[in-house]
Structures are given as C-alpha cells and as structure tokens.
Amino acid sequence: MGEVIEFPNGTACGAPLLDDTALTPAEIKRLEAIRDNVEALLNMVAGIRCDPEAVAYASARFGLMRMYHLHGRAATMGFANRCIETAEIAKDLDRG
C-alpha cells in the first residue's frame, strides 16, 4: 500500500523518538499490518453504510486531530500533504 513515514521529533504513545532512531523490519511490518487492517475496516464500514465520503471525513478528522496532538501542526500538515501528493501521483500513473 505504501511506505512507513517516520516523524523524527515526534512522539509515539507518549515516548519521544530520538533523531537517530530507525524502525526495525519487525516494527515496519507491524505498522504496515495496522495500516492495512485499518484501511480494510474503513472500506468495510464505507460499504456497509453506503457512504464512503462520510467514512473518509470521519477517519481523516480522527487521524489528523490525533496526529496533531501527538506530533504537532507542522508534522501533521506535512503528512497530509504527502498523502495528497501520493494520491496525485497514483492518479497520474493510472492515466499514463
């Protein structure tokens, strides 16, 4: 689906991350599994509720607000921008 993006000066579960901290392959696999499972659940709810737009808004709101509290405005906005850029690239690749 995508790659794990690290926030070098953010926090995870209240623990600060060190600048030189790298994710282990096991941590990357765990984070990818969480991401894939959450996406599958959101797709399921969007199908059951027949309202993918409402599910998208609700999940985006939850994610962005939580990320803001964990990492601050700059990191959250950067993440959101990278997500949009990735969607634009995928759209362009589909056209090409």
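Everything discussed here concerns the structure shown above.
Residues numbered from 1 in each chain as written. Predicted model: local features only at pLDDT ≥ 70, side-chain atom pairs only at ≥ 80, totals over all residues. Heavy atoms only, no water.

Enquirer: Hey, could you go over helix α3 (residues 73-95) for me, with residue numbers and the actual values?
Expert: The end-to-end C-alpha distance of α3 is 33 Å, a good match for the 33 Å that 23 residues give at a rise of 1.5 Å each. Where α3 is buried, its residues contact α2 (52-71). (Helix = DSSP H or I, 4+ residues; strand = E, 2+ residues; numbered from the N terminus. Expected span 1.5 Å × (residues − 1). Contact = heavy atoms within 4.5 Å.)

Enquirer: Can you break down the packing of α2 against α3 residue by residue, with the values?
Expert: Running from amino to carboxyl end, α2 crosses α3 at an angle of 140 degrees, the nearest separation of the two axes being 7 Å. When the axes of α2 and α3 are compared, the pair comes out oblique. The interaxial crossing formed by α2 with α3 has right-handed handedness. Counting all contacts with α2, which are made through Leu64, Met67, Tyr68 and His71, the residues of α3 involved are Arg73, Ala75, Thr76, Phe79 and Ala80. Tallied by class, the residues present in the contact of α2 with α3 amount to six nonpolar, two polar and one charged. (Axes fitted to C-alpha atoms, helices over the stretch in contact; angles between N-to-C directions. Parallel < 35°, antiparallel > 145°, perpendicular 65-115°, else oblique. Left-handed = near helix turned anticlockwise from the far one by under 90°. Nonpolar A, V, L, I, M, F, W, Y, C, P; charged D, E, K, R; others polar.)

Enquirer: So what's going on with a nonpolar patch on the surface? Which residues, and what values?
Expert: A surface patch of nonpolar side chains, about 380 Å² in accessible area, is lined by Leu41, Met44, Val45 and Ile48. If you trace the backbone, Ile48 turns up in helix α1 (residues 25-49). Owing to a relative accessible area of 60%, Ile48 belongs among the exposed residues under this scheme. (Patch = residues over 30% accessible without salt bridge, like charges linked within 9 Å, V, L, I, M, F, W, Y side chains within 5 Å. Areas by Shrake-Rupley, 256 points an atom, 1.4 Å probe, with all protein chains shown as cover. Salt bridge = Lys/Arg side-chain N within 4 Å of Asp/Glu carboxyl O. Buried < 20%, exposed > 50% of the residue type's maximum accessible area, 1.4 Å probe, protein only.)

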